[in-house]
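Chains, contacts and geometry: an overview
Take a look at the letters that make up each chain.
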Amino acid sequence: AQSVTQPDIHITVSEGASLELRCNYSYGATPYLFWYVQSPGQGLQLLLKYFSGDTLVQGIKGFEAEFKRSQSSFNLRKPSVHWSDAAEYFCAVGGIGTGANNLFFGTGTRLTVIP
Amino acid sequence: GAGVSQSPRYKVAKRGQDVALRCDPISGHVSLFWYQQALGQGPEFLTYFQNEAQLDKSGLPSDRFFAERPEGSVSTLKIQRTQQEDSAVYLCASSLAGAGTDTQYFGPGTRLTVL
C-alpha cells in the first residue's frame, strides 16, 4: 500500500544538539517530497521541498533534508536545535497518480526541546 | 491578505446539526484544498478546487460532506448531520497554480467538536 511513514512519534533533544527526523515513503515512483512544521494553534508551514536534482535540499530556519532513492527516505536534519523549534513536524508527498495535486502526510513527529 | 484565513477557528456542534466552515485563500491563488486532521494524525486530503471547478472530491468521507467555491475565491465546507467521528481540525490550503510542485499555504484550521 502507498504510504508515508514517520517512525518516531515523539523526539526529545537538548537545545544546541543536532536533530534528525525520519521519513520513508512507499510509492512506485519518486514523488515530490515536503517537510512541514506545525506549531500549536498555527497552520502548517513549509520548511523545504524536493522535486529533482541535488538530493540535499536547504530550507528555512536552518533545516535541510536529504533524499535517498535507494532507501526511499527523506530525512530532515538540523545541526543545532533552538527552543523555538519545538513543534510537530510532518513529512508529505505529492505528485502521486490521480491525486497529483494534493499531499499525503505522515502521522507526524512531535519535537520537544529541553534546556 | 497576508495568508489563508479560516473561520470560525472553533466550532462546537451537537450531533445531527449542520455546520459550515469558511476558507479565504491567498488572493490570486488558483487552487484550494481542504484537509481533515484527526487528533494525533497527519492531515488527510478531502477535496481540491481549481478556480470554481471541484476537480477532485475523492477524499470526502461521506455524502454528508459538501464543498463549494462558487466564484473561485472563498470556499465553504459544509457538513450535514454531524457525527462524533467528524470531530477534527479542518485545514484549508491554497496554491498559486495547482501543480504538484507548488507550495501549499495552509490556514490555521477550524477545530470542530461534535458532542
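Look a little higher up for the structure.
It should be emphasised that the depicted structure is a prediction, and the values quoted were computed from it without experimental measurement. (Residues numbered from 1 in each chain as written. Chains lettered and ligands numbered in written order. Predicted model: local features only at pLDDT ≥ 70, side-chain atom pairs only at ≥ 80, totals over all residues. Heavy atoms only, no water.)

Residues in a regular strand project their side chains so that they alternate between the two faces of the sheet. Residues and elements named next belong to chain B. Burial of the side chains of strand β11 (residues 110-114) is restricted to one face: T110, L112 and V114 are buried, whereas none of R111 and T113 on the reverse face is. Sheet topology places strand β2 (residues 10-13) next to β11; 4 bridges connect them, and they run parallel. Paired with Y10 across the two strands is R111, which belongs to β11. (Buried < 20%, exposed > 50% of the residue type's maximum accessible area, 1.4 Å probe, protein only. Helix = DSSP H or I, 4+ residues; strand = E, 2+ residues; numbered from the N terminus. Pairing = 2+ DSSP bridges.)

What follows concerns the packing of aromatic side chains. All names here are of chain A. If you walk through the whole model with that rule in mind, you get 17 aromatic pairs over all chains. Here the aromatic rings of Y25 and F67 are separated by 6.4 Å at their centres, their planes lie at 20 degrees, and the arrangement is stacked. Remark: F67 occurs in strand β8 (residues 64-68) and Y25 occurs in strand β4 (residues 24-26); sequence separation between them is 42 residues. Each member of the pair, Y25 as well as F67, carries the same accessibility label: buried. Taking the centre distance of 6.0 Å and the plane angle of 65 degrees together, the rings of F34 and F51 count as edge-to-face. (Phe/Tyr/Trp six-rings, centres within 6.5 Å; stacked < 30°, edge-to-face > 60°.)

The next subject is the interface of chain A and chain B. By a widely used convention, the size of an interface equals the accessible area lost when the partners come together. The partner chain B presents 22 residues to the 21 residues of chain A that form the contact. Summing the contributions of chain A and of chain B, the shared interface buries around 1,600 Å²; its carbon and sulfur component is 53%. On the chain A side of the interface with chain B, the three residues burying the most area are L44, N101 and N102 of chain A, jointly 32% of the side's total. Counting the contacts that link chain A with chain B gives 0 salt bridges. At the junction of chain A with chain B, the criterion picks out 4 residue pairs in polar contact (both at pLDDT 80 or more). It is strand β5 (residues 32-38) of chain A that provides the largest number of residues to the side of chain A that touches chain B, a total of 4 residues. (Contact = heavy atoms within 4.5 Å. Buried area = accessible area lost by both parts, 1.4 Å probe. Salt bridge = Lys/Arg side-chain N within 4 Å of Asp/Glu carboxyl O. Polar contact = N/O pair within 3.5 Å; in protein donor to acceptor, adjacent residues only side chain to side chain.)

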